[in-house]
Every structure is written in C-alpha cells, then in structure tokens.
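Now for the letters of each chain:
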Amino acid sequence: MIFVGEGALLRRAVTHAADHGHPVDLVCSADPLDAAAAGAPHLAAPDVNAHAGTLSRAAGDGIVWSLNNRQIFREPLLRAEGLRIVNIHNGLLPRHRGLPSVAVLFALLNGDAEYGATAHEVDAGIDTGPVLAEHRFPVGPEDRYHQVMLRGIRACQALFEQILPAVAAGTAHPVPAVAAEPSAYYGLRALDRLDSYRDRPAYARATDLGPFAAHAPEVARALLRPPAAASAP
C-alpha cells in the first residue's frame, strides 16, 4: 500500500501499518522520515498526480491511503488501473467537506453537536466519494477550537486503525448515505464570511486556536483581519 500526506498523523499510520504486517510500498510526503519507520521508499511529490505511473507500479495491493493530505487527486491518477484511493478526512461528511482547519471553525460557529472523522473512497469531487466508515464524538457547549481539532486528529488515527484490516482485505464497502445529512464545503473562501459571525456567542471559543495557530496559518491570518467597515447609508 501507498501513503500520501504529511505530518505526525501520516507517520503514525505508516508505522502502524508496517507494525501490523501490511506492506508499505511507497510514502509520498515532504519528509523522508515519514517512510523510515517502515523501511519504505520515499517520494517527495508536490503534485502526486504527476506521478500516476510511479504509484501504479509501486502499489502491490492497489491501495493508496490519504492522511493529512492537502493535495487534490486528479486525472490521470484517479483513473489509474488497479488503484483504490481511501482518504481519512478530519470531519464528518458531507457536513464538513474541505479544509479541516476551516471546517472545525465553522462547526463551532454553527453550533454543530457532533464532529469526527470519515473514511471515504476518493472520486473526482472534493470529499464527495462513498463513505466507508466514520468515528463521531460529541461537541460540548464549552469546547474550543483547539480541543475539537485535537479530538478530530485522534479520531482520524483511531478510524484508520479500525478500518485498515477491512480495506486491506477488500471487505470495506460504502455505508448507506443519510439523505437528510446536509452538505457544506469549507475552503479558504469561507473565511471571508467570518465578519458575519463576530457577534455570535460561540465566536471566542470557535477562534481559540491554541497550539494549532501554527498549523492553521490561513485561519490565524483571517482572524487578524480588521472587521469590515460598515457601508454608508
């Protein structure tokens, strides 16, 4: 199997897979140390889509894992024969599509009672592929951004470890979609709407980035913007 992503979440997943006897054929990330624990080849690929042939040849079992990965999979990788791409998303789908750093912010601003992680197959959309499994946890009325983000990361790790055996065995199948579940996408443009939330009671705790300020620079910068001036009558 192949791993694409970055950071501690990716490295822990690679280590867990190798420790449990799953072959790690290639790790695509910025840091070669991500592959070291598994003794696997490493590929520094700013655009993984440009290496579709390399991934196809390397994947012994055809499985590609995406963890803490900000790259969007596109053609020709999406149609590479024999590959199954599974993403572990920090957020509940389809409610929290997009960047987790932004989705957590708006989950709190919108008063969502639950957050979590989702394992889904990757298709041509962004976080729109069939859901294989999820890990939910409640969001309390006093929970702050950094607390929910940390729980989301832990949920991603737990979900990966839970679903890994079934994906490896080919027995992980899509779960039925909940028709009433709302869909929302949170990309960088969503941060332009922050002004309209400043008066909400949840704003202070939703914007308490804590130690994640360094890992969510786009959110940190948006919070430093001065409020938009009121329009003249």
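Our structure's up above, just so we're on the same page.
1. Considering the packing of aromatic side chains
Aromatic ring pairs are reported here in terms of the distance separating the ring centres and the angle at which the planes meet. Within this structure, the stated rule accounts for five aromatic pairs. For the ring pair Phe 106 and Tyr 186, a centre distance of 5.3 Å and an interplane angle of 15° mean the geometry is stacked. In this pair, Phe 106 is assigned in helix α4 (residues 100–109) and Tyr 186 in strand β9 (residues 185–186), connecting sequence segments 80 residues apart. With relative accessibility at 0%, the residue Phe 106 sits in the buried group. In textbook terms, an aromatic cluster arises when at least three aromatic residues are bridged by ring pairs, as seen for Phe 3, Trp 65 and Phe 160. Between Arg 193 and the ring centre of Phe 106, over which it is positioned, the NZ or CZ distance is 5.2 Å.

2. A word on the pairing of strand β4 (residues 63–67)
Burial analysis of β4 places five of its five residues in the buried class, which makes it a mostly covered element. Here β4 shows no split at all, with Ile 63, Trp 65 and Leu 67 on one side and Val 64 and Ser 66 on the other all buried. The pairing of strand β1 (residues 2–5) with β4 spans four bridges and is parallel. For Val 4, the partnering residue across the bridge sits in β4 and is Ser 66.

Reading the values: rules and limits
Residues numbered from 1 in each chain as written. Predicted model: local features only at pLDDT ≥ 70, side-chain atom pairs only at ≥ 80, totals over all residues. Heavy atoms only, no water. Phe/Tyr/Trp six-rings, centres within 6.5 Å; stacked < 30°, edge-to-face > 60°. Helix = DSSP H or I, 4+ residues; strand = E, 2+ residues; numbered from the N terminus. Buried < 20%, exposed > 50% of the residue type's maximum accessible area, 1.4 Å probe, protein only. Lys NZ or Arg CZ within 6 Å of the ring centre and 35° of its normal. Pairing = 2+ DSSP bridges.

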